[in-house]
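Observations on the model geometry
Each chain is listed here by its residues.
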Amino acid sequence: DAMVIQNPRYQVTQFGKPVTLSCSQTLNHNVMYWYQQKSSQAPKLLFHYYDKDFNNEADTPDNFQSRRPNTSFCFLDIRSPGLGDAAMYLCATSGLGAGGPETQYFGPGTRLLVL
Amino acid sequence: GEDVEQSLFLSVREGDSSVINCTYTDSSSTYLYWYKQEPGAGLQLLTYIFSNMDMKQDQRLTVLLNKKDKHLSLRIADTQTGDSAIYFCADFSGGYNKLIFGAGTRLAVHP
């Protein structure tokens, strides 16, 4: 089945220690998104790639970076995690298909814990 | 900016119908979505409706769209305990070129 995969599902890191979360997709979608979701809140868009074009949200802290080496993979790098960065991180993709190019399909998420 | 609002909590008895409501402000919506999120999981796309439609039915799910009032609803027939989750309404904003989410409605299904 075509899907969005996130690894790991749970990540524990130390305060200030860089961490990378990964996302891969088999949907061959050209757009990939990273969201941060804190408890009992809606997902908050951090940035997205339209093909190789990076689009950052205005309020995304510089501490958050992203890389997309190819169509299938996208990474979220947190350079110096703080306690406030503990959250669920969701990857999503969109592209041509049912529901139109705007319809986003989400992965299972990676829950980040910062000690 | 664009806004999506939904009630935060709904409690229903197993076997009854659930209706989750949502209002939005975007005049340039193309698609509107309902996502389901179970505890500790990602968002599952439940259904979507194109903005030129009034209704869409998919098995137990019925989506109603009132464009004049900018009101969207999701009806779940014969609600089961497995339907307990948070339901997010989302609107694709053409102006901001991104999904605008509501705060989510927590659906609790009791015997």
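Above this text sits the structure in question.
My aim in this report is to walk through the structure given alongside it, one point at a time. Starting afresh in each chain, residues are numbered from 1 along the sequence in its written order. All chains are assigned letters beginning at A, and all ligands numbers beginning at 1, according to the order in which they are written. With pLDDT at 70 or above as the cut-off, local features in this predicted model cover only qualifying residues; side-chain atom pairs require 80 or more to be listed or tallied, and sums for whole chains, interfaces and linings still use all residues. Side-chain measures here rest on the full set of heavy atoms in the structure, leaving out hydrogens and waters.

What follows deals with the overall build of chain A. Secondary structure elements follow DSSP: runs of H or I of four or more residues count as helices, runs of E of two or more count as strands, with numbering from the N terminus. When its secondary structure is counted, chain A shows 0 helices and 11 strands. Computation of the radius of gyration draws on C-alpha atoms, with the globule rule given as 2.2 Å multiplied by the number of residues to the power 0.38. A compact globule built from 115 residues should have a C-alpha radius of gyration of about 13 Å, and chain A, at 13 Å, falls within 12% of that. Counting only C-alpha atoms and orienting by the principal axes, one finds that chain A spans roughly 40 × 25 × 25 Å. Looking at chain A as a whole, 50% of its 115 residues are labelled buried. Between buried and exposed lies partly exposed: a residue is buried under 20% and exposed over 50% of the maximum accessible area for its type, with that area taken using a 1.4 Å probe on protein chains only.

Moving on: the state of the cysteines. Residues and elements named next belong to chain A. Any cysteine sulfur atom paired with another within 2.5 Å is treated as part of a disulfide. In the structure shown here, the tally under the stated rule is 2 disulfides over all chains. Disulfide partner of Cys23: Cys91, at an S-S distance of 1.9 Å. Between Cys23 and Cys91, the S-S torsion sits near -70 degrees, and that sign places the bridge as left-handed. Taken together, the residues span a long stretch of sequence, with Cys23 in strand β3 (residues 19-25) and Cys91 in strand β9 (residues 87-94) at a distance of 68 residues.

Walk down a regular strand and you will see the side chains alternate between the two sheet faces. All names here are of chain A. Counting buried positions along strand β4 (residues 31-37) yields 7 of 7 residues, so the element is predominantly enclosed. Where burial is concerned, the two faces of β4 agree: the one with Val31, Tyr33, Tyr35 and Gln37 and the one with Met32, Trp34 and Gln36 are both buried. Criterion used throughout: strands pair if DSSP finds at least two bridges between them. Bridge analysis of β4 against strand β5 (residues 44-50) gives 6 bridges, and the strand direction is antiparallel. In the sheet register, Val31 faces β5, and the bridge partner there is Tyr50. The turn joining β4 and β5, which pair antiparallel and follow one another in sequence, is formed by 6 residues; a positive phi near 60 degrees is taken by Ser40.

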